[in-house]
2 protein chains.
Amino acid sequence: MSQPLTATRPTNAATSIFPLRQPPPLCSFLFIIVLIVATFYTLHHPDATPPLLFSNNALTLRRLFLSSASNATISSYLRALTRHPHLAGTKPSLDTLSYVTNHFQSLGLDTHLAEYEALLSYPAHISVAARFSNNTTVEFDLNDGPGDDDVVRPYHAYSPSGSAQGNVVFVNHGEERDYRALELIGVSVRDCVVLARKGESLGRGGIVKIAEAKGALGVLIYAENDGGGFGGIERGTVMRGIGDPVSPGWPGVVGGEKLSLEDDRVARRFPKILSLPLSLRNADIILASLGGARAPVEWRNSGRVGSGQRVGPGQTVVNMTLQGELTMKKVHNVVATIRGSEEPGRYVILGNHRDAWTYGAVDPNSGTSALLDIGRRFSVLLKSGWRPRRTILLCSWDAEEFGMIGSTEWVEENVLNLGESAVAYLNVDCAVQGSGFFAGATPQLDGLLLDALKLVQDPDDVALTVEETFKSQNNIIERLSRVDSDFSGFLHHAGIPSIDMYYGADYPVYHTAFDSYDWMIRNADPLFHRHVAMAGVWGLLGIILADEPVLPFNYISYAEQLQAHRDALSKLLQGKASVDPLSMAIQEFSLVAKEAQDEAKKLKEQAYNKNDVAAAAKRRELNDRMMLGERGFLDSEGIKGKEWFKHLVYGPAAEPESKLGFFPGIADAIATNSSEGMIEHEIWRVARAIQRASRALKGGFT
Amino acid sequence: MSQPLTATRPTNAATSIFPLRQPPPLCSFLFIIVLIVATFYTLHHPDATPPLLFSNNALTLRRLFLSSASNATISSYLRALTRHPHLAGTKPSLDTLSYVTNHFQSLGLDTHLAEYEALLSYPAHISVAARFSNNTTVEFDLNDGPGDDDVVRPYHAYSPSGSAQGNVVFVNHGEERDYRALELIGVSVRDCVVLARKGESLGRGGIVKIAEAKGALGVLIYAENDGGGFGGIERGTVMRGIGDPVSPGWPGVVGGEKLSLEDDRVARRFPKILSLPLSLRNADIILASLGGARAPVEWRNSGRVGSGQRVGPGQTVVNMTLQGELTMKKVHNVVATIRGSEEPGRYVILGNHRDAWTYGAVDPNSGTSALLDIGRRFSVLLKSGWRPRRTILLCSWDAEEFGMIGSTEWVEENVLNLGESAVAYLNVDCAVQGSGFFAGATPQLDGLLLDALKLVQDPDDVALTVEETFKSQNNIIERLSRVDSDFSGFLHHAGIPSIDMYYGADYPVYHTAFDSYDWMIRNADPLFHRHVAMAGVWGLLGIILADEPVLPFNYISYAEQLQAHRDALSKLLQGKASVDPLSMAIQEFSLVAKEAQDEAKKLKEQAYNKNDVAAAAKRRELNDRMMLGERGFLDSEGIKGKEWFKHLVYGPAAEPESKLGFFPGIADAIATNSSEGMIEHEIWRVARAIQRASRALKGGFT
């Protein structure tokens, strides 16, 4: 049953994004003249595209898009996609590939596959046994589903094979400061197996990396989020960097260059020590059994140490084994293309991954269902005569869970053309995890995002728009320094303005066997209203970015955000290094952003005439400059030690030590206690990146 | 006296570059309609540029350009520029700056300066003394001009200060194979001062670098080209890499980041051992005095060893001292802009440097005079109503002699926008050294270059065009792997299609005090006919690249050239590594090049209508793809050990050991006896670069 759940708010829509235009005087006469010219033109250029005499009405179009929403179709897509677990590289994952491909093709969309070969990692055999002080031994149950043989056993992809045996030490979140706390009470983890609870700031790869550096033999990680009480265990990857590890920096196309596993460029992508995930229940058993030193006070106060209040080592010995399988598998991205009518060589890209650790109802197929419904609704618009000005791509990525492999290989293969022609990348991974709208964006898209939210009804309160709830709730547009979904390659490597969105956060069944359709309809979105809202926002953003003659970018927001970043950095530095180069660069950037904004306003106010070559050229040049502004933040040398990451404003730093969340190169320099000179050099690099962005936005040369 | 020395050849011109079009039927009627529309448009858009109703006739324009040539003005420019030596950073160089700036401004051209601070190097004190076997001592005269105090003493810029004393060993050209020949006869240069004669393949920086690696204490270099018999001594730089050494990789703007001299990134740009240039006569004195081992047979046969036929060490000891001055100086580039009427955001750049070691009549002011005359003639065209479709820049670079510093800093400052908007870079350094036309180009410009040569009369034979003489003489368009003039930053760092041209080669007064106006009119171009021809070719290339609606690029030539490069590489490798990845990539590139060529042909054949938005958009997209094709060859990692050089097809390799002259990364891997795996990795990198170029040329995504 189709049940439209979103509605336009005409007043907002008309004023904020695309005002209705009055026909100018003399229009009728000119129209007749143009008709005569066009008739002759058409008669004498039979091959040419006929001139478009009637422009789409943007408002009508957006209304049509929103009113074509359907929770029924979205739920049917989700049910179909989540029938079986569909881990990348496995047979059932090919069913989801066919499903998505057939869907786009049946809608009449031009659809193709972009396929790569990549090194994936599966568990063949795993075990964890503990011997306690009383000499009893427990062999832990490592399944998270009672008898669910379809799902892959909980493991850490790319952990080395082998076995590790040692006394257990509890290391809290496994951050550097946790090891410092242990050091203060005289505890070393050398030759031990560490037990860590996943915190908010350090990912599992980071936990393993630090443990390895401290001399641990193995790592057990558990999540306090206990799979919603079902005893779920969180799967995940511990690979360093993103993309196929045997084709680092280049596309892993079939027949292309692949490095051997022994090559240092490959080997350094993997941890040297074993790691495995553990259920909360099993972790609690170990925690309770620990002897050794008394836990640091703060840890005890946090309530998460065992009943003995001790962290080890001593009393409890763990033996863990892992026989993994590293194997080359095909990964399949699906790309559906809606060719632009006027600027086919400019692209708006919507992307979501398809592969899942288990059933993937939240992660990622809530997003896939929304994408498929956007495809359906776009095809309705196409049938009603719409053709977007720019080309829209709907992308379904593979093997994201192993480290954004599908999207990363595609970005690597297309990086030059992306830089030249991609207007924006709009990512949705887990569309619906629960309640509340969350989004991250590069700052020039903030205004557009909020404008789009104004047009979509809140799924949890019919009287409000998503924008109103968003503003009253968290009201923070995050910045995309995270490396946890497919926007990473687009933003951090290729410098494409990006948005990432999701409903809800920190859902309990994350990466467990319980991330299923049942869980979704029981817990997160029974009537698929949130799915509809997400599809509405996502699709609208696509339409607006594809259709607006002048790109709806606002670099003044970016300048303000950079200013705030500068202030936060300055505060952290406390005079240890000068931020003057940043201040100067941001000042110039603000001026240029203002000029671009004024120019955009002027061009928007001009009557839009499809046959005005000069105006079209002016718009195109401004649009190109605004598109390229973001590319300025890329630096060909990249972030030190993580050179693949080229964006100097947003990207991965040694979190949580860096405390910043932006300027990753500077953050790393501070976190690693670099000299003042090295910190200032990193500050200069960011300042020069901002200068490049200014020049891109301004155009021309010095 | 103005004496036009070039004439168009109407038949060639009309067929080869821009055929005259017949007005299509119905033209008159449409014209009236368009007039009506345009009138209303103009009335109701008073601010807009009036629609251009009459297109320039390309042929007439080119005729007008060629007929406005003047050897008298060029010679007057050259005389004014070469009145005093004008080494970069010195006071007299500011006079040439004013001269060039005033010239462009007086023509009404929009002119600005792009200024940087850079570390330049001057000699404060130099000496070379020899003690012979008979215990006599000679203090050599190190001046090349009899009593010419205006010119800087012959020196090697960036040689360290200090003194070196040791037995002299003659090392022939100072190449690796020369040291191998010495080793065979038991001669080591450790702790010696080496004497090298400059050969054709290894530059002075390379000679010093190898000598340093062999343990020499100092280097004396002489040129066999004895300044035309005047006893000239060749100045030059021995810096490694190009651009300001204290701002490596970024623009050395005033107030920007500068590294200290102790920083490794700076220190590695300079040799660790002293070097100085010597006159042929002084070198002969030392050569004749040498004892030690008998010279290798081939050296003796070449006739360039001393009368004793010995290479040292023994008998002759040299003591050399150098007190140099490393100092920050302002460098000043001049940029004159002729704004494009239809595509102001696309750029054709003509560039030449202005600074000279001495008077610089050949190097570089023969080129500067031609550039100034092109400016004069362009302003004539502008006054006659011409406005180029794309923007043209006339650039006068500073501090080229120290290592392409002015142009490199500018490229570094503008690299993002250059990549986005520069159609081509046309370089002329020494416009006239003697007779015979020589040129290097990226291969997609070969056809355009030959077409332009067909339009210009040969300066030495009125019955022929430059193209006819060129074809009957050397007939080889070189490839631009050299790093010896300002095209380097544009091509090797920014991937801009480039041309470099000169009349004559190997002129005897190179970098000596005798490179003067007098020498020019007595030896190289008494009546400035060759200057006129060069200005004709250069300016025409600028006009054509700026005006042609469809860019006159031909990537089929590039594909053929790559194929030939592949064959030469394959022959050199003799099966040691597979070139299959290259073959596959070139095959794809050939197909895509053919498609682009067909598309260009079709678009060229379409009647050109300034008001046809759709056709304009199609041309723009094809042009952008052709512009970007060259960028595909860039790789963000660059050439190993020379990472600033990003172009993987053309760029510096460890010549002459590499034997290739292209694919510098592969060449280096072979020259350094890398493993098969490393050579194959470099082959893969080039293959992927060619794939990127294919995708850029094709547009869109995989």
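Residues numbered from 1 in each chain as written. Chains lettered and ligands numbered in written order. Predicted model: local features only at pLDDT ≥ 70, side-chain atom pairs only at ≥ 80, totals over all residues. Heavy atoms only, no water.

- Named according to an unreviewed UniProt entry, chain A is glutamate carboxypeptidase II originating from Brassica oleracea var. oleracea.
- The record in UniProt for chain A states the following under Cofactor (unreviewed entry): "Zn(2+)".
- In UniProt, chain A has this text filed under Catalytic activity (unreviewed entry): "Release of an unsubstituted, C-terminal glutamyl residue, typically from Ac-Asp-Glu or folylpoly-gamma-glutamates." (UniProt positions renumbered as here; feature names shortened; annotations may be inferred.)

Quick look at the overall build of chain A
- For chain A, the helix and strand inventory stands at 22 helices and 17 strands.
- In terms of overall dimensions, chain A is globule-like: its C-alpha atoms have a radius of gyration of 27 Å, near the 27 Å expected for 702 residues.
- Expressed as lengths along the three principal axes of its C-alpha atoms, the size of chain A is roughly 100 × 60 × 55 Å.
- Long-range contacts, defined as pairs at least 24 residues apart, comprise 81% of the intrachain contacts of chain A with a sequence gap of at least 6. (Helix = DSSP H or I, 4+ residues; strand = E, 2+ residues; numbered from the N terminus. Rg over C-alpha atoms; globule rule 2.2 N^0.38 Å. Contact = heavy atoms within 4.5 Å.)

Regarding the relation of the copies chain A and chain B
- Relative to chain B, chain A is turned by 180° and slid 0.0 Å along the rotation axis, the superposed coordinates differing by an RMSD of 0.1 Å. Seen this way, the second copy is the image of the first under a two-fold rotation axis.
- Interface residue correspondence from chain A to chain B reaches 100%, placing this contact among same-surface, isologous pairings. (Least-squares fit on C-alpha atoms with pLDDT ≥ 70 in both.)

Things to note about the side chain of Arg 479 of chain A
- For Arg 479 of chain A, the location among the structural elements is in the loop between strand E16 (477-478) and helix H15 (487-493).
- A polar side-chain atom of Arg 479 of chain A sits 2.8 Å from a polar atom in the side chain of Gln 561 of chain A. (Polar contact = N/O pair within 3.5 Å; in protein donor to acceptor, adjacent residues only side chain to side chain.)

A short note on a positive patch on the surface
- Residues Arg 339 and Arg 387 of chain A together with Lys 602 and Lys 618 of chain B make up a contiguous surface patch of positive charge.
- As for its placement among the helices and strands, Lys 602 of chain B is situated in helix H19 (residues 580-605).
- Residue classification places Lys 602 of chain B among the exposed residues on the basis of a relative accessible area of 58%. (Patch = residues over 30% accessible without salt bridge, like charges linked within 9 Å, V, L, I, M, F, W, Y side chains within 5 Å. Areas by Shrake-Rupley, 256 points an atom, 1.4 Å probe, with all protein chains shown as cover. Salt bridge = Lys/Arg side-chain N within 4 Å of Asp/Glu carboxyl O. Lys, Arg positive; Asp, Glu negative; His and termini not counted. Charge placed at Lys NZ, Arg CZ, Asp CG, Glu CD. Buried < 20%, exposed > 50% of the residue type's maximum accessible area, 1.4 Å probe, protein only.)

Examining the interface of chain A and chain B
- Taken together, the 58 residues of chain A in the interface contact 58 residues of chain B.
- Interface of chain A and chain B: buried area, both sides summed, is about 5100 Å²; carbon and sulfur atoms make up 60% of it.
- Our count for the chain A to chain B interface comes out at six salt bridges.
- Notably, a salt bridge pairs Arg 695 of chain B with Glu 413 of chain A, separated by 3.8 Å at the nearest N-O pair.
- Among the elements of the structure, helix H2 (27-44), strand E1 (110-131), strand E12 (343-353), helix H12 (405-421), helix H20 (613-629) and helix H22 (676-698) of chain A are those that each provide at least two residues to the side of chain A that touches chain B. (Buried area = accessible area lost by both parts, 1.4 Å probe.)

Considerations on the packing of aromatic side chains
- Tallying each qualifying case throughout the model produces 60 aromatic pairs over all chains.
- Where Tyr 555 of chain A meets Phe 589 of chain A, the ring centres are 6.1 Å apart and the plane angle is 85°; that geometry is what we call edge-to-face. Placement of Tyr 555 of chain A in helix H18 (residues 555-573) and of Phe 589 of chain A in helix H19 (residues 580-605) is noted, with a sequence separation of 34 residues between them.
- Residue classification places Phe 589 of chain A among the buried residues on the basis of a relative accessible area of 0%.
- For the pair Tyr 122 of chain B and Phe 402 of chain B, a centre-to-centre distance of 5.8 Å together with 65° between the ring planes defines the contact as edge-to-face. You can see Tyr 122 of chain B sitting in strand E1 (residues 110-131) and its partner Phe 402 of chain B sitting in the loop between strand E13 (390-397) and helix H12 (405-421), a full 280 residues away along the chain. An identical accessibility class is assigned to Tyr 122 of chain B and Phe 402 of chain B; each is buried.
- Above the ring of Trp 250 of chain B, the side-chain terminus of Arg 688 of chain A is found at 3.9 Å from the ring centroid.
- The ring of Phe 65 of chain B is capped by Arg 377 of chain B, whose NZ or CZ atom sits 4.1 Å from the centre of that ring. (Phe/Tyr/Trp six-rings, centres within 6.5 Å; stacked < 30°, edge-to-face > 60°. Lys NZ or Arg CZ within 6 Å of the ring centre and 35° of its normal.)

Let's talk about the confidence of the model for chain A
Residues and elements named next belong to chain A.
- On average, residues of chain A score 90 in pLDDT, and 91% of them reach the 70 mark or higher.
- Segment residues 1-56 is flagged for pLDDT under 50; beyond a separation of four residues in sequence, or across chains, it makes 89 contacts in the model.
- The complex prediction reports pTM at 0.91, with the ipTM value standing at 0.89. (pLDDT = per-residue confidence, 0-100.)

Some points on unusual backbone geometry
Residue and element names in this part refer to chain A.
- A cis amide bond links Asp 363 to the next residue, Pro 364, at an omega of 10°.
- Within the element layout of this structure, Pro 364 appears in the loop between E12 and helix H11 (365-383).
- Of note, the phi angle at Met 404 is positive, near 50°, even though the residue is not glycine.
- Tracing the sequence through the fold places Met 404 in the loop between strand E13 (390-397) and H12.
- Overall, Met 404 belongs to the buried group, its relative accessible area being 6%.

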